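# Topology and contacts: notes
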Amino acid sequence: MRAALLGFVFGVAILQQQAELFSYNWLSLMMGLSLLGILLLLKFKPMPWLHLPARFILTALLGFVWASGYAYFYLSEELPRKWENQDVVLTGTIDSLPFRSERGQRFNFAVEQVRADGAGDLTLLAPWPSRVALSWYGPDWGGDSGGMQKVPSVQPGERWQFRVRLKRPHGNANEFGFDYEAWLLEQGIRATGSVRPDKYAQDAVQYNRKLVDFVWSPGNLIASIRYKLRARIHAALPSQPYAGVLVALVVGDQREISQADWTVFNRVGIGHLISISGSRQSFHLHRRV
């Protein structure tokens, strides 16, 4: 059993080193060979000096194929290239704690329906990524008219319709640095983009609007509770510099901690405590439920 487990893990690790995935034909052949070999081992039971290496190799092939299938499954959700940087209309729910800053607000969006933007009836599109990351800026952002105040706040669990412009995930992948594209893949986010103001719509239709106040699901309920806890903390500690630290400890949202605070935490050796306090449990519970 130990050789089989080590072989399976070894096969998964080898897959992680590949620059590209093997074709379905090769994976099918490897799967067939591994299963056939395992059946032969169970039937004939060779000598230990041959049995253990054979078990390791066959389970390594099985682990390689399993990891490849897993990768194919998650990579299958991708933004069609012809719709990159094109306006589309999305209908779905707010799927994360929104983060609001001076520039705007960012949030994840669970896509339920996609339609092509244009005059007249909107054409349904498929397939499409089930989860995207959106930024929403005010129509007059960058000016002096306070355009950000015109953007309504979104809350987890709300169903919205947005007119957006998306692109495939792109990011730096420096050695020993943060790989943004890999992080998005781990989060299940297969496209990023921004909400387009209605004033740019050719048919003068209000696309960006809330449809339902709350869509019930266990994940949305958890995210909504976290959102309300964060709001209560900010209401009790208005403009306090340490409010973001308390938010991170209570609900696991670390985005309000400044880089200067992270430097202090790391120097005194408590950065890892801030990172793991509440964040892992709340994130994985929200994502997996």
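Calculation rules
- Residues numbered from 1 in each chain as written.
- Predicted model: local features only at pLDDT ≥ 70, side-chain atom pairs only at ≥ 80, totals over all residues.
- Heavy atoms only, no water.
- Helix = DSSP H or I, 4+ residues; strand = E, 2+ residues; numbered from the N terminus.
- Buried < 20%, exposed > 50% of the residue type's maximum accessible area, 1.4 Å probe, protein only.
- Contact = heavy atoms within 4.5 Å.
- Areas by Shrake-Rupley, 256 points an atom, 1.4 Å probe, with all protein chains shown as cover.
- Phe/Tyr/Trp six-rings, centres within 6.5 Å; stacked < 30°, edge-to-face > 60°.
- Expected span 1.5 Å × (residues − 1).
- Arc of directions from axis to C-beta.
- Core = buried A, V, L, I, M, F, W, Y, C linked by side-chain atoms within 4.5 Å.
- Polar contact = N/O pair within 3.5 Å; in protein donor to acceptor, adjacent residues only side chain to side chain.
- Patch = residues over 30% accessible without salt bridge, like charges linked within 9 Å, V, L, I, M, F, W, Y side chains within 5 Å.
- Salt bridge = Lys/Arg side-chain N within 4 Å of Asp/Glu carboxyl O.
- pLDDT = per-residue confidence, 0-100.
- Pairing = 2+ DSSP bridges.

Let us now look at the overall build of the chain. When helices and strands are tallied, the chain shows 9 helices and 8 strands. Relative to its 289 residues, the chain shows a buried fraction of 38%. For the chain, long-range pairs separated by at least 24 residues make up 70% of all intrachain contacts whose partners lie at least 6 apart in sequence. If you sum the accessible surface of the chain, you get close to 17,500 Å²; carbon and sulfur atoms cover 60% of it.

Here the structure, examined in full by the defined rule, presents 14 aromatic pairs. On the numbers, 6.1 Å between centres and 85° between planes, the contact of Trp262 with Phe265 is edge-to-face. Of the two residues, Trp262 and Phe265 are both situated in helix α7 (residues 259–268); the distance of 3 residues between them amounts to about one turn of the helix. Of the two residues, Trp262 and Phe265, both sit in the buried class. Chaining the aromatic ring pairs together yields one cluster made of Phe8, Trp66, Tyr70, Phe73 and Tyr74.

What follows deals with helix α2 (residues 24–44). For α2, which comprises 21 residues, the first-to-last C-alpha distance of 30 Å matches the rise-based estimate of 30 Å (1.5 Å per residue) to within 8%. Buried residues of α2: Leu27, Met30, Ser34, Gly37 and Leu41, and no others. The buried side chains of α2 occupy one side of the element, clustering within an arc of 95° when seen end-on. For α2, exposure combined with an orientation more than 90 degrees from the buried face picks out Tyr24, Asn25, Leu39, Lys43 and Phe44.

So, on to the nonpolar core. A general trend in soluble globular proteins is that nonpolar side chains are found buried together. Ranked by internal contacts, the top residues of the largest apolar core, which has 23 residues, are Leu90, Phe109, Trp128, Leu134 and Phe162. Of all the secondary-structure elements, those providing two or more residues to this core are β1 (87–94), β3 (105–116), β5 (131–136) and β6 (159–167). Ranked by the residues each element gives to this core, the list is headed by β3, at 5 residues.

The next point concerns the side chain of Ser96. Looking at the element boundaries, Ser96 is found in the loop between β1 and β2 (99–100). According to the relative accessible area criterion, Ser96 is buried, its value standing at 11%. Within the structure, the side chain of Ser96 is placed 2.8 Å from the backbone nitrogen of Asn108, a separation counted as a polar contact.

Right, let's get into a nonpolar patch on the surface. Residues Phe214, Trp216, Leu221, Ile225, Leu229, Tyr242, Leu246, Leu249 and Val250 make up a contiguous nonpolar surface patch of roughly 830 Å² in combined accessible area. Secondary-structure elements contributing two or more residues to the nonpolar patch are α5 (218–236) and α6 (243–251). With respect to the element layout, Ile225 can be found in helix α5. Judged by its relative accessible area of 46%, Ile225 is partly exposed.

Applying the stated criterion across every chain, the model contains 10 salt bridges. One salt bridge connects Arg168 with Glu78, and the closest N-O pair in it is separated by 3.4 Å. One end of the pair, Arg168, is in the loop between β6 and α4 (180–187); the other, Glu78, is in the loop between α3 (48–75) and β1, and 90 residues separate them in sequence. A residue is classified by how much of its surface remains accessible, and Arg168, at 14% relative accessible area, is buried. Here Asp87 and Arg165 are joined by a salt bridge, their closest N and O atoms 2.9 Å apart. Separated by 78 residues along the polypeptide, Asp87 in strand β1 and Arg165 in strand β6 bring together distant segments of the chain. On the basis of relative accessible area, Asp87 is assigned to the buried category, the value being 12%.

What follows deals with the confidence of the model for the chain. Detailed conclusions should not be drawn from predicted coordinates in areas where pLDDT is low. Overall, the predicted model of the chain reaches an average pLDDT of 82, with 85% of residues at or above 70. Here residues 141–148 is modelled with pLDDT under 50, and outside its nearest four sequence neighbours on either side it reaches 14 contacts, counting other chains as well. When the criterion is pLDDT under 50, residues 279–289 qualifies, and its contacts beyond four places in sequence or with other chains add up to 17 contacts.

Looking now at the pairing of β6. Where β1 meets β6, 7 bridges bridge the pair, whose relative direction is antiparallel. By the bridge assignment, Thr91 is partnered in β6 with Gln161. Strand direction decides the pairing type here: β6 and strand β8 (residues 209–212), joined by 3 bridges, are antiparallel. When the sheet's bridge partners are listed, Gln161 is paired in β8 with Arg209. Here β6 pairs with strand β7 (residues 192–195) via 4 bridges, running antiparallel.

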